[in-house]
Amino acid sequence: MNAKAVVPHHEPLFNRRDFLARAGAGFGALALTYLLERESLLASTVAAAANPLAARPQHFPARAKSVIFLFMEGGPSHLDTFDYKPKLREMAGQRLPESFGPVITAMGESESPLLADRRQWKQYGQSGLWVSDWLPEIVGCIDDIAVVRSCWGDGLNHANGVGQMNTGSILGGRPSMGAWVSYGLGTENQNLPAFTVLCDNNSQVIGGPRNWGPGFMPAVYQGVRLGSAVEPFPNLNPPRGISEAQQQGKLDFLSQINRRYALERPEYSELDARIRSYELAFRMQAQAPEAVDLSKESEATKELYGIDKDQTAVFGRNCLLARRLVEHGVRFVQLFHGGMGNQNTDTWDAHGDVKSNHTQHAAESDRPRAGRRMRGRRRVRACDAQIMIRDG
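Since this is a predicted model, take the numbers as computed values, not measurements. (Residues numbered from 1 in each chain as written. Predicted model: local features only at pLDDT ≥ 70, side-chain atom pairs only at ≥ 80, totals over all residues. Heavy atoms only, no water.)

## Examining the packing of aromatic side chains
Let me state the cut-off plainly: Only rings of Phe, Tyr and Trp enter the pairing, Trp through its six-membered ring, and a pair is recorded when the two centres are within 6.5 Å. The plane angle decides the type: under 30 degrees is stacked, over 60 is edge-to-face, the rest tilted.
For the structure shown, the criterion picks out ten aromatic pairs. Connected via pairs of aromatic rings, a cluster forms that spans Phe 69, Phe 71, Phe 195, Trp 212, Phe 332 and Phe 336.

In structure tokens, the structure reads:
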């Protein structure tokens, strides 16, 4: 009786890329190296390994050089700012039409009568966008603003909404928007952080540093939270009596110890990020003070940002500081307006009295968001209602 031998099937030991790397002592990989070098890909890869925040060559020409991202924590009501719904006014007090089917709100309400807004609306600019009377300053630059009406979310509570807006997910562990930009583009100035965060009060943003964190990426791409616009970089200057040479010697010795420790723990990217932060802090001593010196701005500019008024001074300084930072090569600046220190007071999240809440916060932020000035042939704007991308 003849029996055929059954040969067990095995997955290949290596793929074609492995073959190029191993066959003939890796000689085949020389051709790949040559091709990569011709396209300048190898050089950029090596540079990224040496300095992960080095400016990256772009695949396509782009006008945008940097981003200023404004986050109104708690969420301004779209029905009271840019989303005019005259039909809702016609149907005020009525039930939702049956064609919508059964609808239960996030707070568990159903069959409630429709409620109309109480704002005054007008159309502005060549675009004809509707804007409410809560934003009298924004209307001056409405044609530079894109209003997106198709946003939606996966969660219904504060942490989920804030997390998804900043990281794209209601779950922790995803990189923030600024971290992605830093990872993909690097930064134009190695003497300032690539990604900075400014808050208008000392309260913790809900979700905390997750909103500007690196997620699963190396820690070097996380955002750096600055202090107030009055003192953005506390303790930046060296102690009296310490020379630059002495400080550099201490930094070199500390770096030597830290890198020796990090070599044994390559999986902890936080160690490399901390080492780089020490080195960055030393370099910042030369350039950061000038970058954040608002005294160099004219009184007319300060007035445009609302720094001359108590109500708009805090956020106005942050918007002006953000503009100065991007002009000095910082790639991504994120500003938070409102914190979760006192709900319905410090944040836009109005559960009971939308009118008083939004009247206060719109007055605090409208003028700073619309602040602008002319510099030569380039117009630099503080920001739009949500995100501003600077043109080069």
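Read on for the rest.
## A few points about the confidence of the model for the protein
The following threshold applies: Within a predicted model, pLDDT stands for the predictor's per-residue confidence, ranging from 0 to 100. Numbering goes from the N terminus for both helices and strands, where a helix is a DSSP run of H or I of at least four residues and a strand is a run of E of at least two. Contacts between residues were defined by any pair of non-hydrogen atoms, one from each residue, lying within 4.5 Å.
Averaged over all residues, the pLDDT of the protein equals 78, while 73% of them reach at least 70. Taken element by element, the protein is modelled with least confidence in strand E8 (residues 378-381), mean pLDDT 37, and with most confidence in strand E2 (residues 121-124), mean pLDDT 96. This stretch, residues 373-392, has a pLDDT under 50; its non-local contacts, to residues over four places away or in other chains, come to 67 contacts.

## With respect to unusual backbone geometry
Even without glycine at this site, Glu 111 takes up a positive phi of about 60°. Note on placement: Glu 111 falls in the loop between helix H4 (86-90) and E2.

## A short note on the nonpolar core
Put simply, the rule is: Take the buried Ala, Val, Leu, Ile, Met, Phe, Trp, Tyr and Cys residues and link them wherever side-chain atoms come within 4.5 Å; each set so joined is a nonpolar core. To sort residues, take the accessible area from a 1.4 Å probe on protein chains only and compare it with the maximum for the residue type: under 20% means buried, over 50% means exposed, and anything in between is partly exposed.
By size, the foremost hydrophobic cluster in this structure holds 25 residues, and its most contacted members are Ile 68, Leu 70, Leu 325, Val 333 and Leu 335. Mapped onto this core, the elements with two or more residues apiece are strand E1 (64-72), helix H8 (269-291), helix H10 (310-327) and strand E6 (332-337). The leading source of residues in this core is H10, at seven residues. Each residue touching Leu 325, except ones within four places of it in the same chain, is listed here: Thr 196, Leu 226, Val 292, Val 330 and Val 333. Ranked by size, the runner-up nonpolar core spans twelve residues in total, among them Val 162, Phe 195, Cys 199 and Phe 336.

## Description of the pattern of salt bridges
Opposite charge on two side chains lets them pair, provided their charged atoms get close. Condition: When a carboxyl oxygen of Asp or Glu lies within 4 Å of a side-chain nitrogen of Lys or Arg, that pair is called a salt bridge.
For the coordinates displayed, the defined rule picks out 13 salt bridges. Here Arg 324 makes a salt bridge to Glu 297, at a shortest N to O gap of 2.7 Å. Taken together, the residues Arg 324 in helix H10 and Glu 297 in the loop between H8 and helix H9 (299-304) connect sequence positions 27 residues apart. For the pair Arg 324 and Glu 297, a shared accessibility class is recorded, and that class is buried. Note that Glu 299 is salt-bridged to Lys 302, the shortest N-O span being 3.6 Å. Of this pair, Glu 299 and Lys 302 both sit in helix H9, three residues apart, which is roughly one turn of the helix.

## Let's talk about the packing of H10 against helix H11 (residues 354-370)
We count it as follows: Working convention: axes come from line fits to C-alpha atoms, limited for helices to the stretch in contact. Angles between N-to-C directions cover 0 to 180 degrees. Note on angle classes: values under 35 degrees are labelled roughly parallel, values over 145 roughly antiparallel, values of 65 to 115 roughly perpendicular, and the remainder oblique. Crossing handedness is defined as follows: a turn of the near helix away from the far one that is anticlockwise and smaller than a right angle gives a left-handed crossing, while the clockwise case is right-handed. The nonpolar class holds Ala, Val, Leu, Ile, Met, Phe, Trp, Tyr, Cys and Pro. Asp, Glu, Lys and Arg form the charged class, and all remaining residues, Gly among them, are polar.
Interaxial distance between H10 and H11 falls to 8 Å at its minimum, and their mutual angle equals 40°. Compared by their axis directions, H10 and H11 come out oblique. Considering the relative orientation of H10 and H11, their crossing is right-handed. Judged by residue contacts, Gln 311, Thr 312, Phe 315, Gly 316 and Cys 319 of H10 engage Gln 360, Ala 363, Glu 364, Ser 365, Arg 367, Pro 368 and Arg 369 from H11. In the contact of H10 with H11, the residues fall into four nonpolar, five polar and three charged.

## As for H10
The line we're drawing: In this scheme, a helix's expected span is set at 1.5 Å multiplied by one less than its residue total. One axis is fitted to the seven residues ending at the residue and one to the seven starting there. The bend at that residue is the angle between these axes.
A rise of 1.5 Å per residue sets the reference length of H10, with its 18 residues, at 26 Å; its end C-alpha atoms lie 26 Å apart and thus fit the reference within 8%. Where H10 bends most, at Gly 316, the angle is about 30°. Of all 18 residues that make up H10, 13 are buried, and the element is covered over most of its length. Following H10 by one or two positions, Gly 329 adopts a phi angle in the positive range, close to 100°.

## Re helix H6 (residues 177-185)
The cut-off we apply is this: The directions from the helix axis to the C-beta atoms form the arc being described.
Those residues of H6 that fall on the buried side of the exposure criterion are Gly 178, Ala 179, Val 181 and Ser 182. With its buried residues spanning 165° around the axis, H6 presents them on a single face. Against the buried residues of H6 lie strand E4 (195-199) and E6. Downstream of H6 by one or two residues, Gly 186 has phi in the positive range, about 70°.

## A look at the side chain of Asp 200
Short version of the rule: Only four residue types enter the charge count, namely Lys and Arg as positive and Asp and Glu as negative; His and the chain termini do not.
Note that Asp 200 resides in the loop between E4 and strand E5 (224-225). The side chain of Asp 200 sits in the buried core without any salt bridge; Arg 225 is the nearest counter-charge, 7.6 Å away. Other than its neighbours up to four places away in sequence, Asp 200 contacts Val 314, Asn 318, Phe 336, His 337 and Gly 338.

## Some remarks on the environment of Val 224
Relative to the assigned elements, Val 224 resides in strand E5. With a relative accessible area of 35%, Val 224 lands in the partly exposed category. Contacts of Val 224, omitting those with residues within four sequence positions, involve Pro 193, Phe 195, Thr 196 and Val 197.

## Re the pairing of strand E3 (residues 129-132)
One face of the sheet, then the other: side chains in a regular strand alternate in exactly this way. Selection criterion: For two strands to count as paired, DSSP must find a minimum of two bridges between them.
Across four bridges, E2 lies against E3 in antiparallel orientation. Its bridge partner lying in E3, Tyr 124 is registered against Leu 129. Between E2 and E3, which pair antiparallel in sequence order, lie four residues; one of them, Gly 125, sits at a positive phi of approximately 70°.

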